[in-house]
Every structure is written in structure tokens, then in C-alpha cells.
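# Reading the structure
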Amino acid sequence: MKTNVNPWFYVPTTYFAEGLPYVTVNTIVVILYKKLNVPNEIIAFLTSWLFLPWTVKFLWGPVVDTVSTKRKWIIYTQLVISLVSLLSAFFLSSSYFLFITLSLFMLMAFMSATHDIAVDGFYMLSMDEKKQAFFVGIRAFFYRLAMLFSSSVLLIYVGKLEKNTGNIVGSWQICLGIVAIIMAVLFLYHTVILPFPESDSPKKINWSEFADAFVSYFKIEKIWLAIAFIILYRFGEAMLLKISPLFMLDPIEKGGLGLDTAIYGRVYGIFGLISLILGNILGGIAISRWGLKKCIWPMALMLNIPDLVYVYMAYHNTLPLKFVYVLVSMEQFGYGLGTTAFMFYLIQITGEKYKTAHFAISTSIMAMGLMIPGMFSGKLQVALGYPVFFIIVCIATIPGMILIPFLKYK
């Protein structure tokens, strides 16, 4: 059993394995159900529940520390994710596919969130601080690579299958089968290659300290204002998150853009994602140079103002495709800038003693802030139509920005 393995052999693959199931349950599933003619309001409501594991994952983080090792958590969650994806593909042709596959995707979401905890913990246990610092960019790159693969390469391939075979269900079964195969290969690879760090052992959790960390979070100065901001800052974006794929895929006569799966994969999975990553990088550079205090307002505006492109596209839904590429890229670039400022704010509000625990609580509240608006966004869109819905999305961005002058940040 090797205690030291070159991190190049496992950091890229573990973080690719972290990104793939996350995108599967939070993005691909939405498109899958749309292509299987599930109504918009049902898609938005049901798939928003898939954020739940990330909303509450800080509660079972201690379980991952207490039971078994991070190494085992990593490899066995990957195995379960693979099996669940395979089962989802199998039941996709069932008359009760929605109930069965949604239950399976919820299990996948819980495994994915648990895998996140284990991978991040293993990353810190398996190497010293110098190596951790070196590989922080590598891990982020391979996580993004998983997003790029699943939201572009995979979707473009499925779109071509849909066109060539005319079999929508069969095409998506192959998609889920590919996810299952990749996760199975990663499971086998990590079973062999992951090191056995001496510090990776079950730890006795100090539950009183865990409770103290939780209670102390709510004693942070202006914390309730911070919580309101965490929920409201991305409120409009959270509504947009579930509806924008449906808008892109809905036929023109229903108010959508009428894109096929492959084109959607190019619009969002390539141009959109690259723009998002550029926004993240430039946002990080800007904050490091000028500080959050000077950057938060411009970045908040860059997050929210580009949402107007959806209002424009909804009123002009026969736009040439090249304009759709440009408009979505603009919106995603602003999204990247705005979320960078937001994540940096979450880091700043943590207490000195329990930084990790407090950050986990903040990100859980953030996930809840994405889940709740998504649940009712579909019903709102169906009732009002796309143009009015997107106008409401833009209005919903205002309360979060109103809170910015009252926040405590550096």
C-alpha cells in the first residue's frame, strides 16, 4: 500500500470525477427531461430538488470524517454513481421513467455531494501545503474540463445521435451509459492508484465543537444581513438557471429558440462555458488587485444586467444563431465575474476559528438560494410566457444589489 503517489496521477482524475456527476444531475437531467417532453413546470420543480444534497452536505461532513477513510468514500461513491447512471439509462424507457429516474438522480446527487467532501478532504491529507498550493489550479482546471466535456462534447454527441437515429430515448440511454462507463473506469483506476495516506483514518468527531462551529456562525456580525444577501444576490440567476435550457430548446411557436441538443451543447457547453471561465479568471485578478470593496458593485452589475439578453431573445426568438452565441457568451461572462465576487464574499464572512465549517454553511445556504427560486420558476414561466418571465428575472436581481451598501467586507 503506497503512502506516497505523485499527485499528477490522481488530482486531475478525482476532480474530473467530481465535476461529471454534478453537471449530470444539475444540467444534463434538465435537458434530458425536456427532450422526453416533460412539461416545463414539472422539470423546474422536480430537478430543483436535486440541489438538496449540496444544501445539507455540511451536516454529514462529520460522518465522512468519522466512518471509514476518505479513500474508500471516494472510490465507493464513484462505483455507486456509475451503477446509478446505468440503472437510470435502463429505466429511461419505462412508463414510470420520471419517478424512477428522478429517485435515482437524487441518489446520484447525494453520492456526488458526498464525493465532493471526500475528495476535498483527501486532497489535503495526501500532500503537504506546498503541493496543495501548486495543484489548486490543476484541480480547478480538471473540474472545469469535466463541465466542458459533459455540457458540450456529450450533449453534441447526443444531439447527433438524436438526428441520425430518430430515437430520443435510445440516444439519452447511450449518454447515461457513457457517464456510467467513465465513472466505472475512474472507480477501477482510483482503486489501484490512490495512495494510502497515514493520516487518512476515521477520526473521532468532537460533536460539541461541531455544534459550537454551527452556533458561532450565527453570531458573526451582521450575519442575518449576510444570509439575506446570499439568498437574494443570485435570486434572478437561480430562476434563469432552470428555465434558460428550456427556452433554448422549446420550439419557436412556443416562444423558445428552437435549438436542437447539439447546437445547445455548442452555445452553452463551449462558448458559454469558456466565457464563464474567463469571467471567473478575470474576476479573480480584479479582486486580487483592487479588493472586493471596489469590485463588488461592478461585478454585481455584470452578473445581473446581462440577464436582459434573455428578454431581448424572448421578444426576437427568430434571431440568427450567431447572435445567440454572442448574447449567451456575454451573459455567461458576466455570470463568471459576478459569482467570483460572491464566492470571495463568502470567504470573507467566515469566523477566524471555524473558517472551513462557516464556509460550508454559507455554501449550503447558497445552494438553498438556488433551489427555492428554481422550484417555482417553471410554473411562473408557463403562466406568464418567456418574455414576461425574463423581465421578472431582471427585477428579481434588484433586492440583492440593494443590500450591498450594508454588507461588511474588505
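Residues numbered from 1 in each chain as written. Predicted model: local features only at pLDDT ≥ 70, side-chain atom pairs only at ≥ 80, totals over all residues. Heavy atoms only, no water.

Okay, the overall build of the protein chain next. Per the secondary structure count, the protein chain includes 17 helices and zero strands. For a compact globule of 410 residues, the expected C-alpha radius of gyration is about 22 Å, and the protein chain comes in at 21 Å, within 12% of that figure. The proportion of buried residues among the 410 residues of the protein chain is 55%. In the protein chain, the proportion of contacts linking residues at least 24 apart, taken out of those at least 6 apart, comes to 83%. Accessible surface, the protein chain as shown: approximately 18100 Å² in total, 71% of it carbon and sulfur. (Helix = DSSP H or I, 4+ residues; strand = E, 2+ residues; numbered from the N terminus. Rg over C-alpha atoms; globule rule 2.2 N^0.38 Å. Buried < 20%, exposed > 50% of the residue type's maximum accessible area, 1.4 Å probe, protein only. Contact = heavy atoms within 4.5 Å. Areas by Shrake-Rupley, 256 points an atom, 1.4 Å probe, with all protein chains shown as cover.)

This paragraph deals with empty space enclosed by the protein. For the structure shown, the criterion picks out one cavity of 30 Å³ or more. Along the walls of the largest cavity sit Y10, V11, T14, Y15, I74, V119, F122, Y123, S126 and M127, which together make up its complete lining. Breaking the lining of the largest cavity down by element, the ones donating at least two residues are α1 (11-35) and α5 (97-125). The residue makeup of the lining of the largest cavity, split by class, is eight nonpolar, two polar and no charged. (1 Å grid on protein atoms, 1.4 Å probe; cavity = no way out; pocket = protein on both sides within 12 Å on 5 of 7 lines; lining within 4 Å. Points joined across faces, edges and corners; volume = space filled by probe spheres on them. Nonpolar A, V, L, I, M, F, W, Y, C, P; charged D, E, K, R; others polar.)

Right, let's talk about the side chain of S377 for a bit. Take S377: it is sitting in helix α15 (residues 355-384). S377 sits in the buried class, given a relative accessible area of 0%. Excluding residues within four positions of it along the chain, S377 makes contact with A44, M239, K242, I243 and F389.

With that settled, consider the packing of helix α10 (residues 235-249) against helix α14 (residues 321-348). Remark: α10 packs on α14, axes separated minimally by 14 Å, with the N-to-C direction vectors making an angle of 160°. As judged from the angle between their axes, α10 and α14 are roughly antiparallel. Read as a crossing pair, α10 and α14 show a hand that is left-handed. Residue-level inspection shows E237, L240 and M248 of α10 in contact with α14, the latter providing V324, V328, E331 and Y335. The residue inventory of the contact of α10 with α14, partitioned by class, reads five nonpolar, no polar and two charged. (Axes fitted to C-alpha atoms, helices over the stretch in contact; angles between N-to-C directions. Parallel < 35°, antiparallel > 145°, perpendicular 65-115°, else oblique. Left-handed = near helix turned anticlockwise from the far one by under 90°.)

Glancing now at a nonpolar patch on the surface. A cluster of nonpolar side chains, Y315, L384, V388, I391, I395, I398, I402 and F406, forms an exposed patch at the surface whose accessible area comes to about 730 Å². Residue assignment for the nonpolar patch shows that the elements contributing at least two residues are α16 (386-396) and α17 (398-402). Looking at the element boundaries, V388 is found in helix α16. The partly exposed category is assigned to V388, whose relative accessible area is 36%. (Patch = residues over 30% accessible without salt bridge, like charges linked within 9 Å, V, L, I, M, F, W, Y side chains within 5 Å. Salt bridge = Lys/Arg side-chain N within 4 Å of Asp/Glu carboxyl O.)

Let's shift gears to the nonpolar core. Formed by 89 residues in total, the largest nonpolar core has its most connected members in Y33, W172, M248, Y310, M313 and F390. Element by element, the count of residues in this core is highest for α5, at 14 residues. Apart from residues lying up to four places away in sequence, M313 is in contact with F247, M248, L257, L319, V324, L327 and V328. (Core = buried A, V, L, I, M, F, W, Y, C linked by side-chain atoms within 4.5 Å.)

This next bit is on the packing of α1 against α10. Taken N-terminus to C-terminus, the directions of α1 and α10 make an angle of 40°; their axes are 10 Å apart at the nearest point. Taken together, the axis directions place α1 and α10 in an arrangement best described as oblique. In terms of crossing hand, the pair formed by α1 and α10 is right-handed. Residue-level inspection shows N26, V30, I31 and K34 of α1 in contact with α10, the latter providing K242, P245, L246 and L249. Of the residues assigned to the contact of α1 with α10, the class counts are five nonpolar, one polar and two charged.

Another aspect to go through is the pattern of salt bridges. Applying the stated rule across the entire model yields five salt bridges. In this structure, the salt-bridge partner of D250 is K34, at a minimum N-O distance of 2.6 Å. Within this pair, whereas D250 is found in the loop between α10 and α11 (261-290), its partner K34 is found in helix α1, the two being separated by 216 residues in sequence. Where K408 meets E221, a salt bridge forms, and the shortest distance between an N and an O atom there is 2.9 Å. Separated by 187 residues along the polypeptide, K408 in the segment after α17 and E221 in the loop between α8 (207-217) and α9 (223-233) bring together distant segments of the chain.

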